[in-house]
Amino acid sequence: MDAEAAKFMGAGIAMGVGALGPGLGLGLMIGKALESIARQPEVSGEIRTTMFIGIGVTEAVALYAFVVALILLFVA
Amino acid sequence: MTTGIQQNRCRRSIARRSLTAAALALLLVALLAGNLARLAAASESAEPTPVGEPAAGETKEEQFDVAKEFEREVLVALPSVGPVDLSITKGVAYLLITLGVICVGAFAVNRGVKMQPGRFQVMMEAIYSLTRDGIVGSVMKSGQETWFPYIGSAFVFILVSNLVGLIPLPFAEGHQLSFYSATANLNVAIMLALCTFLFTHYAGIRKNGLARYLVNWAPASAPTVLKPPIWAIHAISEIFRLVSLSVRLFANMVAGHAILAVFFAMAVVFQSFLASVVLQGGSTLIYLFEVFVAFIQAFIFAILSAVYIGGALDQDH
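Cut-off values and rules
- Residues numbered from 1 in each chain as written.
- Chains lettered and ligands numbered in written order.
- Predicted model: local features only at pLDDT ≥ 70, side-chain atom pairs only at ≥ 80, totals over all residues.
- Helix = DSSP H or I, 4+ residues; strand = E, 2+ residues; numbered from the N terminus.
- Buried ≥ 20, exposed ≤ 12 C-beta atoms within 10 Å, placed from the backbone.
- Rg over C-alpha atoms; globule rule 2.2 N^0.38 Å.
- Axes fitted to C-alpha atoms, helices over the stretch in contact; angles between N-to-C directions.
- Parallel < 35°, antiparallel > 145°, perpendicular 65-115°, else oblique.
- Left-handed = near helix turned anticlockwise from the far one by under 90°.
- Contact = placed C-beta atoms within 7 Å.
- Nonpolar A, V, L, I, M, F, W, Y, C, P; charged D, E, K, R; others polar.
- Expected span 1.5 Å × (residues − 1).
- Bend = angle between axes of the 7 residues up to and from the residue.
- Core = buried A, V, L, I, M, F, W, Y, C linked by C-beta atoms within 7 Å.
- pLDDT = per-residue confidence, 0-100.

The helix and strand tally for chain B stands at ten helices and two strands. Counted from the first residue to the last, chain B has its helices and strands arranged as α-α-β-β-α-α-α-α-α-α-α-α. Relative to its 317 residues, chain B shows a buried fraction of 25%.

Here you go:
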């Protein structure tokens, strides 16, 4: 495998594997938030705000993978 | 009488709605026409290549090149003052557009405040109450009045900048229409994150005093042996907040623009007119999702700024 092919493969693997964890995390978190909203609809506003903070923090992990993939493709 | 007014209002709202629908349809048709024209141009220039091998070179040229997001393309060359280069690049142009939109909006909303608010005023009031009660009020325990202006204006700036970025403007090379926004520039994102970073420590030091603020990074209830490592971890996390705040905003915008560019260039990627017509619907859905992302990113930046500043003010772990 030459260096160019390895670069492309590395970028693909970085994005794919890097999206795995945040996907699981987002699914778990939103599912739990929906559960608790269904249980206590009166605090749904607070739950939603906290959920969005969590979404932002979790999603950032996938975006780090995206940045790494970009670096592999265009900079390295 | 009332029924007449109601009918009138109903008719007007229907007219407005159909106008909006017509404008959206026009935009989509324009994008589709652009796609088809580009496809025609690509297939014309790709004529000599054999059918078995799609015109790889042509396709690659039309595709989105992320490296271009980092280039400083000077639009208006201006003299530099000392070390500061005043030339207007693409990012600066988008910053100025954002600034103009915010200023015009602020003047417009200040000029005609009515007891019975119109649609525009209701929207602005919704944004105000969202930042004031939804973000600052629900997250910060003290110092709400002091820090609401910063967090509110950061929210409005990022929101307007992201939304301006979703309008295709002719700033790409050769004045092609393209998606870009000031927040899709790493420099702007880092400066915004740096503002939050500096304000966090300024707020903490001003309220608690330098020594007590730094000592409180490790919770007082922790065992003495564990205090130094906890303090070190907290110090590292403070630095990484800077990275995560800026990279989150920047990468979200760049990824969004990349996806939009790829979807709207479907015709060229698949080398087929039919695919582009069918996938235009998908492109529209992605576009609507990007509008949602623009809002969510502004919200997350503002609420995380509020969490950080609130955490520095009230240091009870």
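Now that the structure has been shown, the text picks up again.
All right, on to the overall build of chain A then. The secondary structure content of chain A amounts to two helices and zero strands. A compact globule built from 76 residues would reach a C-alpha radius of gyration of about 11 Å, whereas chain A, at 17 Å, exceeds it by more than 25%. Its C-alpha atoms put chain A at 60 × 20 × 10 Å along the principal axes. Residues counted as buried form 14% of the 76 residues belonging to chain A.

Now for the packing of helix 6 (residues 186-208) of chain B against helix 8 (residues 227-264) of chain B. Residue and element names in this part refer to chain B. Interhelical geometry of helix 6 versus helix 8 gives an angle of 140° and a closest axis separation of 8 Å. Considered as vectors, helix 6 and helix 8 are oriented oblique to each other. Here the hand of the crossing between helix 6 and helix 8 comes out right-handed. Of helix 8, the residues touching helix 6 (which contributes Leu186, Ala189, Ile190, Leu192, Ala193, Leu194, Thr196 and Phe197) are Arg241, Leu242, Leu245, Ser246, Leu249 and Phe250. Here the residues of the contact of helix 6 with helix 8 are counted per class, giving eleven nonpolar, two polar and one charged.

Bringing helix 8 of chain B into the picture now. The end-to-end C-alpha separation of helix 8 of chain B is 54 Å, in line with the 56 Å expected for 38 residues at 1.5 Å each. Remark: the principal bend of helix 8 of chain B, roughly 25°, maps to Phe240 of chain B.

Residue and element names in this part refer to chain B. With 23 residues, helix 6 ought to run about 33 Å at 1.5 Å a step, and its terminal C-alpha atoms sit 33 Å apart, in line with that. Burial in helix 6 covers these residues: Val188, Ala189, Leu192, Ala193, Thr196, Thr200, Ala203 and Gly204. Contacts made by the buried residues of helix 6 are with helix 3 (90-111), helix 5 (144-165), helix 7 (210-215), helix 8 and helix 10 (273-313). At the C-terminal side of helix 6, Gly209 shows a positive phi close to 85°.

Phe155, Phe301, Ala302 and Ala306 of chain B are the most contacted members of the largest nonpolar core, which totals 59 residues. Of all the elements in the fold, those that place two or more residues in this core are helix 1 (3-39) and helix 2 (44-75) of chain A together with helix 3, helix 4 (119-139), helix 5, helix 6, helix 8 and helix 10 of chain B. Residues in contact with Phe301 of chain B, not counting those within four places in the same chain, are Ala154, Ile158, Leu245 and Leu249 of chain B.

The subject of this paragraph is the interface of chain B and chain A. Taken together, the contact between chain B and chain A spans 16 residues of the former and twelve residues of the latter. Where the side of chain B that touches chain A is concerned, the elements lending two or more residues are helix 4, helix 8 and helix 10 of chain B. Among the residues forming the side of chain B that touches chain A, the class breakdown is eleven nonpolar, four polar and one charged.

What follows deals with the environment of Gly137 of chain B. Residues and elements named next belong to chain B. Turning to its location among the elements, Gly137 is positioned in helix 4. The spacing of Gly137 and Phe148 is eleven residues in sequence and 8.7 Å in space, taken between C-alpha atoms. Every residue in contact with Gly137, bar those within four places of it in the chain, is listed here: Arg132 and Gln144.

Residue and element names in this part refer to chain B. Residues of chain B with pLDDT of at least 70 account for 77%, and the chain-wide mean is 79. Low confidence marks residues 46-62, where pLDDT is under 50. Its contacts with residues over four positions away, or in another chain, come to 14 contacts. With pTM at 0.77, the complex prediction returns an ipTM value of 0.73.

What follows concerns the packing of helix 5 of chain B against helix 10 of chain B. Residues and elements named next belong to chain B. Two numbers describe how helix 5 lies on helix 10: the axes approach to 8 Å, and their chain directions differ by 160°. Between helix 5 and helix 10, the angle is such that the two are roughly antiparallel. The hand of the helix 5/helix 10 crossing is right-handed. The residues of helix 10 that touch helix 5, namely those facing Trp147, Ile151, Ala154, Phe155, Ile158, Leu159, Asn162 and Leu163, are Ala294, Phe295, Gln297, Ala298, Phe301, Ala302, Ser305, Ala306 and Ile309. Of the residues in the contact of helix 5 with helix 10, the class split is 14 nonpolar, three polar and no charged.

Let us look at the environment of Thr196 of chain B. Residues and elements named next belong to chain B. As for its position among the elements, Thr196 is in helix 6. For the pair Thr196 and Ala302, spaced 106 residues apart in sequence, the C-alpha to C-alpha distance is 9.3 Å. What Thr196 contacts, discounting residues up to four positions off in sequence, is Leu245, Ser305 and Tyr308.

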